[in-house]
Amino acid sequence: MDKAKPFCIPKRWVWEAYKRVKANRGAAGVDEQSVAEFEVNLKGNLYKLWNRLSSGSYFPPPVKRVEIAKRDGGTRPLGIPTVTDRIAQAVVKAYLEPALEQHFHRDSYGYRPGKSALDAVGVARERCWRYAWVIDLDIRAYFDTIPHDLLLKAVRTHTDCAGVLLYIERWLQAPAQLDDGTLVPRERGTPQGSVVSPLLANLFLHYVFDRWMDKHHPNIPFERFADDILCHCVSEAQAQWLKGVLERRFAECGLELHPQKTKIVYCKDDDRRGHYPHETFDYLGYTFRARRSKNRWGKYFVNFSPAVSNAAAKRMRQAIRDWQLGCRVDKRIDDLARMFNPIIRGWLTYYGRYYPSALYPTLRYLDERLARWAQAKYKRLRRHRRRSEHRVRAIAHRSPGLFAHWWLLHRAAAGR
C-alpha cells in the first residue's frame, strides 16, 4: 500500500475483485474489451487501475446500453460497464457490503449473501396461508428513477470514506452510450447490469420501504427481493388502506407505484369464501394461486400455493427449442445429457422446490424433443414417432440418472 496515495486501497482488493469479475464473465463494454483481452496484460492493467483508484484519478467510462426483452413483451435498458469498470465497482462493493449487511432487514432477500429468491418464495408461501390478502407492489422503472441525492444521503449514513463516496457519485453520473455512439446523460437511477447497482438499489429501498414499514407498520409482514415486494394483510380494507399509504410514501421518495401492475390479491383456499377480481399473482418466477393438494393422511384439499409460472415454463420450452436437438445427430444420447444436464438441474433446483408436478408438462416436452432427436438420428425410427418416444422411455427406465429430470418425471409416471 502506497502511503502517499489519498485513498488507501490494498492491491489485494483489486486482485480479488478481478477474480470475482472473471468468475461472473459478462459482455464487453464500450471499449469492446473482453475479460480475455484484459488478461493479455493482466498485471499492467490491474496496477494501472489500482494506481488510478488510489490517487482519485479514476473516472468511469460511459456504460454501454442494450435493450433486453421483458416478460410482458416490452424492453428494459441494461447497462454494461467495461471490464475495468466492473473490477473497480467490485472493489467498492466488497468494501461497502459488509457494513450494510448488518443493517439490512431480515425480509430483504435480493442480492444478499446467504439469502435467495427461493427463501422469499418460501416465506411468502407460508404467510399467504396465514393472511388472506396480499399487495403485489410494482415500482415503475425502479432502477432508472432512483434520485441520486437521496441515494447518496443513504450511502453517507453508513460510510465517511471519501473514496467510496467519490466513486459512487461518479458511477451514478456516468452517461449511457447508445449503439450509434450517442451519449445520454444520467440524472436519476443506477444502471441495471453494473456490479454496484444491486447493493445501492437495496440500500435505497432499505430506507424508503423496509425501515419505514418496521417503524410505522410493524405488524404487516412483507418480503422484498430487490424491487419485487409483497405485503400481507388481514383484510381487504387494510390492504386498500396500505396501498394508498405506500403510494404516497414512494412518491415522497421520488418513486412511483405502477397503477396497473400494483394489485391487491385474495389468497383464496378451501376456508376462504367469496371471490375477488385478483386471486393469483406471479412472484420470482412462481405463480401463487389456489391449488389442489394432498395432506399427510391422503385427503385432498385446496390451498394457496406457488408453482412454476406459465412465463417461466414458456422460457424453458423456448430454451429447449434453441438447443436444436434435431440438428445434433452426430451426438450420442449421453453426450446430450452431459451438455444440457447443468441447465436442467438448475430448472429443477429452482422451479421444483414448490409444487414440482407443475413442471411435468415442460419435462414431457423435453422428452418429446429427445424423441424427435432419436427419429432424426436413427433411420429405423424416422417414420415412427411413437416408437421413438417408446425408445426414450425405455432408456429412461433403464438409466433414470442419465438425464437430470428423468428421476422426477418417470418416477411420477410409474406412480400413476
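This is a predicted model, so every value here is computed, not measured. (Residues numbered from 1 in each chain as written. Predicted model: local features only at pLDDT ≥ 70, side-chain atom pairs only at ≥ 80, totals over all residues. Heavy atoms only, no water.)

Draft legend 1. Region of interest: the packing of aromatic side chains. Scanning the model with the defined rule gives 24 aromatic pairs in all. Between Tyr58 and Tyr167, the aromatic rings sit 6.1 Å apart at their centres with planes inclined by 65°, giving edge-to-face as the arrangement. Placement of Tyr58 in the loop between α3 (42–55) and β1 (63–69) and of Tyr167 in helix α8 (residues 162–173) is noted, with a sequence separation of 109 residues between them. Classification of Tyr58 as buried rests on a relative accessible area of 1%. On the basis of an interplanar angle of 15° and a centroid distance of 6.2 Å, the ring pair of Phe209 and Phe250 is categorised as stacked. Placement of the pair is Phe209 in helix α9 (residues 197–216) and Phe250 in helix α10 (residues 236–252), with a sequence separation of 41 residues. When its relative accessible area of 0% is taken as the criterion, Phe250 is described as buried. A connected cluster of aromatic rings, assembled from ring pairs, spans Phe7, Tyr58, Tyr167 and Trp171. One cation-aromatic arrangement involves Arg170 over Phe59; the distance from NZ or CZ to the ring centre is 3.7 Å. If you follow Lys377 out to its NZ or CZ, it ends over the ring of Tyr378, 5.9 Å from the centre. (Phe/Tyr/Trp six-rings, centres within 6.5 Å; stacked < 30°, edge-to-face > 60°. Helix = DSSP H or I, 4+ residues; strand = E, 2+ residues; numbered from the N terminus. Buried < 20%, exposed > 50% of the residue type's maximum accessible area, 1.4 Å probe, protein only. Lys NZ or Arg CZ within 6 Å of the ring centre and 35° of its normal.)

Draft legend 2. Quick look at helix α7 (residues 148–158). Taken together, the buried positions of α7 are occupied by His148, Leu151, Leu152, Ala154, Val155 and His158. Seen along its axis, α7 keeps its buried residues to an arc of 155°; they face one direction. Exposed and facing more than 90 degrees away from the buried side of α7 are Asp149, Lys153 and Thr157. Contact partners of the buried residues in α7: α4 (83–101), α8 and α9. (Arc of directions from axis to C-beta. Contact = heavy atoms within 4.5 Å.)

Draft legend 3. Geometry of the sheet that holds β1. Spatial strand order, β2-β1-β4-β5: four strands in an open sheet with mixed pairing. In the strand order of this sheet, the two ends are held by β2 (75–80) and β5 (183–184), each with one partner. As paired strands, strand β4 (residues 176–177) and β5 are joined by two bridges and run antiparallel to one another. Residue pairing across strands places Ala176 opposite Val184, the latter belonging to β5. (Pairing = 2+ DSSP bridges.)

Draft legend 4. Looking closely at the environment of His410. Here His410 lies in helix α15 (residues 406–415). In contact with His410, not counting residues within four places along its chain, are Asp367, Arg393, Ala396 and His397.

Draft legend 5. Spatial organisation of the packing of helix α12 (residues 333–351) against helix α13 (residues 360–377). Taken N-terminus to C-terminus, the directions of α12 and α13 make an angle of 165°; their axes are 13 Å apart at the nearest point. As the angle between them shows, α12 and α13 are arranged roughly antiparallel. The handedness of the crossing between α12 and α13 comes out as right-handed. Residues Ile333, Leu336, Ile344 and Leu348 of α12 form the contact with α13, whose own contacting residues are Leu363, Leu366, Leu370 and Trp373. Taken together, the residues of the contact of α12 with α13 break down into eight nonpolar, no polar and no charged. (Axes fitted to C-alpha atoms, helices over the stretch in contact; angles between N-to-C directions. Parallel < 35°, antiparallel > 145°, perpendicular 65-115°, else oblique. Left-handed = near helix turned anticlockwise from the far one by under 90°. Nonpolar A, V, L, I, M, F, W, Y, C, P; charged D, E, K, R; others polar.)

Draft legend 6. Structural view of the pairing of strand β6 (residues 222–225). Judged by which residues are buried, β6 turns out to be covered on both faces: Phe222 and Arg224 on one side and Glu223 and Phe225 on the other are all buried. As paired elements, β6 and strand β7 (residues 228–233) share four bridges and run antiparallel to each other. The residue of β7 that forms the bridge with Glu223 is Leu230. Between β6 and β7, which pair antiparallel one after the other, the connecting turn spans two residues, and Ala226 there sits at a positive phi close to 55°.

Draft legend 7. Local environment of α10. In a regular helix each residue adds 1.5 Å, so 17 residues correspond to 24 Å; α10 covers 25 Å between its end C-alpha atoms and thus fits that length. Those residues of α10 that sit buried are Ala239, Leu242, Lys243, Gly244, Val245, Leu246, Arg249 and Phe250. In this structure, the buried side of α10 is in contact with β3 (133–138), α9, β7 and β8 (263–266). Directly after α10, the chain includes Gly254, whose backbone phi takes a positive value near 80°. (Expected span 1.5 Å × (residues − 1).)

Draft legend 8. Molecular detail of the pattern of salt bridges. Counted according to the given criterion, the structure contains 15 salt bridges. A salt bridge links Glu32 to Lys64, with the shortest nitrogen-to-oxygen separation between them at 3.5 Å. Of this pair, Glu32 sits in the loop between α1 (11–24) and α2 (35–38) while Lys64 sits in strand β1, and the two are 32 residues apart along the sequence. Here Glu32 falls in the partly exposed class, since its relative accessible area comes to 48%. (Salt bridge = Lys/Arg side-chain N within 4 Å of Asp/Glu carboxyl O.)

Draft legend 9. Region of interest: the environment of Arg292. Secondary-structure assignment places Arg292 in strand β10 (residues 286–294). The exposure class of Arg292 is exposed, given its relative accessible area of 54%. Distance from Arg292 to Asp270, taken between C-alpha atoms, is 9.6 Å for residues 22 residues apart in sequence. When neighbours within four sequence positions are excluded, Arg292 is seen to be in contact with Tyr300, Phe301 and Tyr355.

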